[in-house]
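Report on the structure
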Amino acid sequence: TAPGTVTRDNMLYADMDVGVDFELEFELTVRSKKGDWTNVFRITTTNNNMGTYGDRLLAVFLKNSDSKLHICTDTMTQPSHCHDTPDALPLETPQVVRIKVEGSRKTVHVAGVRVIEVNDLGGRQRHSGARVYFSDKHYNAANASVGSLVFDSGLTVNTPSAAEQEGVECTA
């Protein structure tokens, strides 16, 4: 697999501490739409798809037959707290996506434009031993690539996985 290509069950990091508040920025190029839900990215502390706090500390999907982002952030009272971007991402065009979770607020920017802002996130706690996937094992991988990935404020990478060692570009 080429560096940055999203593939199913591809773990990027094996052991990461995830703070209560965090920011994630990555460059996403959607190559084509698929006929079913696809996963781009997931931070998880469980082996489950959804329903338990920690399943989707952060998960980014492409909607069925679309290139709109579906972004989920777990809270202790509402696992899989999800929101959709209003517009589809253009195909074959790199887009910088920034997701910030702080207090009760989640904001998402695509290409520098705020596309999601919610102030109803419930309580969260720090997690240890989280795994980061491009993409997870529960969904088919999006036909996409990720050019760079930056975690900020509260995220610490402890152990690189085989994918990272093969050259997937990542800054922590």
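Whatever comes next refers back to the structure up there.
We now turn to the structure provided with this report. Bear in mind that the values here come from a model prediction, so they are computed numbers and not experimental data.

**Quick notes on the packing of aromatic side chains**
Overall, the coordinates contain 3 aromatic pairs when judged by the stated rule. With a centroid separation of 6.1 Å and 15° between ring planes, the pair formed by Phe26 and Phe41 is classed as stacked. With a gap of 15 residues between them, Phe26 in strand β2 (residues 22-30) and Phe41 in strand β3 (residues 38-44) connect regions that are remote in the sequence. The exposure class assigned to Phe26 is buried, which follows from its relative accessible area of 1%. Look at Phe61 and Tyr139: their rings are 5.0 Å apart centre to centre, the planes differ by 70°, and that puts the pair in the edge-to-face class. Here Phe61 is found in strand β4 (residues 58-62), whereas its partner Tyr139 is found in the loop between β10 (127-133) and β11 (140-141), with 78 residues between them in sequence. Comparing Phe61 with Tyr139, the two get one shared label, buried.

**Description of the sheet that holds β2**
Across the sheet, 5 strands lie side by side as β9-β8-β7-β2-β12; this open sheet has antiparallel pairing. Sheet topology places β9 (113-118) and β12 (144-152) at the edges, where each strand pairs with a single neighbour. Going from strand to strand, the sheet's axes swing by 15° on average, the running direction of each strand aside. Summarising the sheet, strand β7 (residues 95-102) and strand β8 (residues 105-110) pair through 6 bridges and their orientation is antiparallel.

About the thresholds
- Position labels on residues start from 1 in each chain and follow its written sequence.
- In view of the model being predicted, local features appear only for residues whose pLDDT reaches at least 70, and side-chain atom pairs are presented and counted only at 80 or more, with totals across whole chains, interfaces and linings using the full set of residues.
- Neither water nor hydrogens contribute to the side-chain values; these are computed over all heavy atoms in the structure.
- Only Phe, Tyr and Trp rings are paired, with Trp represented by its six-membered ring, and only when their centres lie within 6.5 Å; those with planes under 30 degrees apart are stacked, over 60 edge-to-face, the remainder tilted.
- The numbering of helices and of strands both runs from the N terminus, where a helix is a DSSP run of H or I of at least 4 residues and a strand a run of E of at least 2.
- Relative accessibility thresholds used throughout: buried, under 20% of the residue-type maximum; exposed, over 50%; partly exposed, between the two (1.4 Å probe, protein chains only).
- One bridge is not enough; two strands pair if DSSP finds at least two bridges between them.
- Only the stretch in contact is used when fitting a helix axis, every axis being a line fitted to C-alpha atoms; angles between N-to-C directions are given from 0 to 180 degrees.

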